[in-house]
Amino acid sequence: MVEWTDFERQTIADIFGKIDYETVGSAALARCLIVYPWTQRYFGNFGNLYNASAIKINPLIAKHGMTIIHGLDRAWKNLDNIKEAYTELSILHSEKIHVDPDNFRVFCDCLTITLAAQMGADFNADVQAVVQKFLMVVVSALGRQYH
């Protein structure tokens, strides 16, 4: 079980209370698909992903990015039991969709960059440390069924 300080709990709640899910989700997923093009293989039915411009304006990418960010609600609302909260999603991604578990990590890297851009000076080293810890716990929970 992961231990969370009061500062960490408050920081996570503050971030998810302030972010624009649609903007952050769309930007983070678009960044992931552009920077790590091999991740596009899971989105073959999303239409035109031929270049960065097409990815950035693709409404299906924007919608799925928002879905992913809303999926993080499950984690921050269940900080004391993230692995259990993600059991079904872990099974879905490992057994049905067959997502490479490393893609969770690269998406989280892109999300971190997107959050930093959105939050500006408020995204200091202490906040980044909390975000990284939180996202790595989520990545671990999503990858649980792969082991």
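Reference entry: report on the structure contained in this document.

Criteria and cut-off values
Residues numbered from 1 in each chain as written. Predicted model: local features only at pLDDT ≥ 70, side-chain atom pairs only at ≥ 80, totals over all residues. Heavy atoms only, no water. 1 Å grid on protein atoms, 1.4 Å probe; cavity = no way out; pocket = protein on both sides within 12 Å on 5 of 7 lines; lining within 4 Å. Points joined across faces, edges and corners; volume = space filled by probe spheres on them. Helix = DSSP H or I, 4+ residues; strand = E, 2+ residues; numbered from the N terminus. Nonpolar A, V, L, I, M, F, W, Y, C, P; charged D, E, K, R; others polar. Core = buried A, V, L, I, M, F, W, Y, C linked by side-chain atoms within 4.5 Å. Buried < 20%, exposed > 50% of the residue type's maximum accessible area, 1.4 Å probe, protein only. Contact = heavy atoms within 4.5 Å.

### Re the layout of surface pockets
Next up, step 1: Approximately 190 Å³ is the volume attributed to the second largest pocket.
Next up, step 2: Every residue along the wall of the second largest pocket is listed here: T11, D14, I15, K18, I19, D20, V24, Q118, M119, D122 and V127.
Next up, step 3: Looking at the lining of the second largest pocket, the elements that each hand over two or more residues are α1 (6-18) and α7 (102-119).
Next up, step 4: It is α1 that contributes the most residues to the lining of the second largest pocket, 4 residues altogether.
Next up, step 5: Tallied by class, the residues present in the lining of the second largest pocket amount to 5 nonpolar, 2 polar and 4 charged.

### Examining the nonpolar core
Next up, step 1: Membership of the largest hydrophobic core comes to 44 residues, with the highest contact counts inside it found for F16, I69, L72, I82, Y86, L111 and F134.
Next up, step 2: Where this core is concerned, the elements lending two or more residues are α1, α2 (21-35), α4 (59-76), α5 (82-85), α7 and α8 (125-142).
Next up, step 3: Per-element tally for this core: the top contributor is α8, with 10 residues.
Next up, step 4: Among residues more than four places away in sequence, those in contact with I69 are F16, I19, Y21, V24, G25, F107 and L111.

### Comments concerning empty space enclosed by the protein
Next up, step 1: Throughout the structure, instances matching the rule amount to 1 cavity of 30 Å³ or more.
Next up, step 2: Its boundaries defined by the atoms lining it, the largest cavity holds a volume of some 80 Å³.
Next up, step 3: Every residue lining the largest cavity is listed: I12, I15, F16, I19, L72, L111, L115, V130, V131, F134 and L135.
Next up, step 4: The set of elements that each furnish at least two residues to the lining of the largest cavity consists of α1, α7 and α8.
Next up, step 5: Ranked by residue count, the leading element in the lining of the largest cavity is α8, at 4 residues.
Next up, step 6: The class makeup of the residues in the lining of the largest cavity is 11 nonpolar, no polar and no charged.

### Side note on the environment of Q128
Next up, step 1: Note that Q128 resides in helix α8.
Next up, step 2: In this structure the C-alpha to C-alpha distance between Q128 and Y86, which are 42 residues apart in sequence, comes to 23 Å.
Next up, step 3: Those residues within four positions of Q128 in sequence are excluded, and the remaining contacts are T112 and F123.

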